[in-house]
Amino acid sequence: MTSEPLLDAAAPPAPGRADASSRLRTLGSQWGLPLLSVVVFLIVYQLVAISGIWSETFVPKIGTVWDAFIDLSTTHDGVRGYADYFWWEHLYMTLRRVLAGVVIGVVAGVLLGLAMGSVTWLRRLLEPWLTFLRALPPLAYFFLLVIWLGIDESPKVTLLALAALPPAAVATTAAVSAAPVALIEAARALGASRTEVIRDVVVPAALPETFTGIRLAVGMAYSSVVAAELFNGIPGIGGVVKDASNYNNTPVVLVGIVLIGLSGLIIDGVLRAIEHRAVPWRGKA
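Residues numbered from 1 in each chain as written. Predicted model: local features only at pLDDT ≥ 70, side-chain atom pairs only at ≥ 80, totals over all residues. Heavy atoms only, no water.

It is worth spelling out the overall build of the protein at this point. Of the regular secondary structure elements, the protein holds 11 helices and 2 strands. A burial count over the protein gives 32% of its 285 residues as buried. Looking at the protein as shown, the accessible area adds up to about 17,500 Å², and 69% of this sits on carbon and sulfur atoms. (Helix = DSSP H or I, 4+ residues; strand = E, 2+ residues; numbered from the N terminus. Buried < 20%, exposed > 50% of the residue type's maximum accessible area, 1.4 Å probe, protein only. Areas by Shrake-Rupley, 256 points an atom, 1.4 Å probe, with all protein chains shown as cover.)

Bringing the pattern of salt bridges into the picture now. According to the stated counting rule, one finds 10 salt bridges in the structure shown. Two residues, Arg188 and Glu185, come together in a salt bridge whose shortest N-O distance is 3.5 Å. Here Arg188 and its partner Glu185 are both found in helix 7 (residues 181-189), 3 residues apart, which amounts to about one turn of the helix. Here Arg188 falls in the partly exposed class, since its relative accessible area comes to 45%. With a relative accessible area of 42%, Glu185 lands in the partly exposed category. (Salt bridge = Lys/Arg side-chain N within 4 Å of Asp/Glu carboxyl O.)

As for its position among the elements, Gly150 is in the loop between helix 5 (138-149) and helix 6 (153-177). In sequence terms Gly150 and Phe231 are 81 residues apart; their C-alpha atoms lie 9.6 Å from each other. Every residue in contact with Gly150, bar those within four places of it in the chain, is listed here: Leu145 and Pro155. (Contact = heavy atoms within 4.5 Å.)

Mapped onto the elements of the fold, Ser263 is located in helix 11 (residues 250-278). For Ser263, the side chain forms a polar contact with the main-chain oxygen of Ile260, separated by 2.9 Å. Setting aside its immediate chain neighbours within four residues, Ser263 contacts Leu91 and Tyr222. (Polar contact = N/O pair within 3.5 Å; in protein donor to acceptor, adjacent residues only side chain to side chain.)

Tallied over the entire structure, the rule returns 8 aromatic pairs. Consider the rings of Trp66 and Phe69, whose centres lie 5.3 Å apart with planes at 35 degrees: the pair is tilted. Pair noted here: Trp66 and Phe69 are both in helix 2 (residues 62-73), with a separation of 3 residues, about one helical turn. According to the relative accessible area criterion, Trp66 is exposed, its value standing at 52%. For Phe69, a relative accessible area of 22% corresponds to the partly exposed category. Relative to Phe231, the ring of Phe143 lies with its centre 5.9 Å away and its plane at 75 degrees, an arrangement referred to as edge-to-face. Placement of the pair is Phe143 in helix 5 and Phe231 in the loop between helix 9 (225-228) and helix 10 (237-246), with a sequence separation of 88 residues. (Phe/Tyr/Trp six-rings, centres within 6.5 Å; stacked < 30°, edge-to-face > 60°.)

Quick look at the environment of His276 now. By secondary structure assignment, the location of His276 is in helix 11. Sequence separation between His276 and Phe211 is 65 residues; the distance between their C-alpha atoms is 9.9 Å.

Caution applies to low-pLDDT parts of the model: their predicted coordinates are not meant to be read in detail. Across the protein, the average pLDDT comes to 86, with 88% of residues at or above 70. Highest mean pLDDT in the protein belongs to helix 2 (95); lowest belongs to helix 1 (residues 15-51) (78). (pLDDT = per-residue confidence, 0-100.)

What follows concerns a nonpolar patch on the surface. On the surface, Leu33, Leu36, Val40 and Val44 cluster together into a nonpolar patch covering about 370 Å² of accessible area. Within the element layout of this structure, Val44 appears in helix 1. The class for Val44 is partly exposed, based on a relative accessible area of 46%. (Patch = residues over 30% accessible without salt bridge, like charges linked within 9 Å, V, L, I, M, F, W, Y side chains within 5 Å.)

Quick look at the structure:
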């Protein structure tokens with residue numbers, strides 16, 4: 001008597017089900033843990049705020065911070081947002097300044113790094129100056145920029161450009177210097193000119209590290225926003241944070257910090273996506 005074969009309980013799932021399960025695990029690792037960490041942070045923050053350990057002037061409750069965000073988003077008691085601008089108008093002005101400074105700083109930094117990585121004597125000449133500039137906090141030279149350039153947009157954009165330049169230049173210099181010698185020699189043996197070697201061998205090899213430098217440059221510029229908007233910074237998120245801190249308006253300061261941080265995360269995500277498309281070979285043997 002023959003019996004029908006039973007289905008193996010340990011049989012692997014169907015391909016479609018396996019793909020769906022893999023996608024869910026990937027989404028969980030990408031978004032689940034970060035969201036969980038945010039929830040835990042908010043719970044701990046709220047517990048500290050309601051515990052009374054510190055005055056609400058210093059640690060306002062989440063509801064108070066949310067009310068400040070609503071005030072920044074609406075017209076209330078005849079007041080439009082904060083200092084007559086809504087939060088997105090402040091953020092737009094800050095992002096415009098950051099964009100201008102980052103473009104100038106990154107372009108100059110990448111070109112400088114390419115030159116320094118290719119010409120040894122130029123690297124030895126300029127590297128101490130880059131290190132000197134990188135070690136300076138933004139406030140150390142911002143007041144000098146104000147004296148030289150006034151209090152309009154020029155010192156702000158210049159400060160952000162100076163903050164973005166060293167990371168881009170240093171990363172590009174290191175990446176160019178580390179370009180594979182074997183590939184360079186092979187290209188030269190095949191008759192490639194110096195320009196062709198740099199274009200077809202050095203630049204592609206340096207791109208991954210250069211993108212890392214660009215991301216660091218954007219972060220450095222963004223971390224200098226409050227300093228850049230110390231004078232005549234409204235409209236601007238950094239200006240809002242500075243002005244609100246003068247009056248111990250902690251809820252508005254926290255709203256500004258959160259807006260700067262979230263927009264920074266979005267910008268970094270966009271740069272990661274661009275890097276993934278521009279350098280698809282990164283991380284592959």
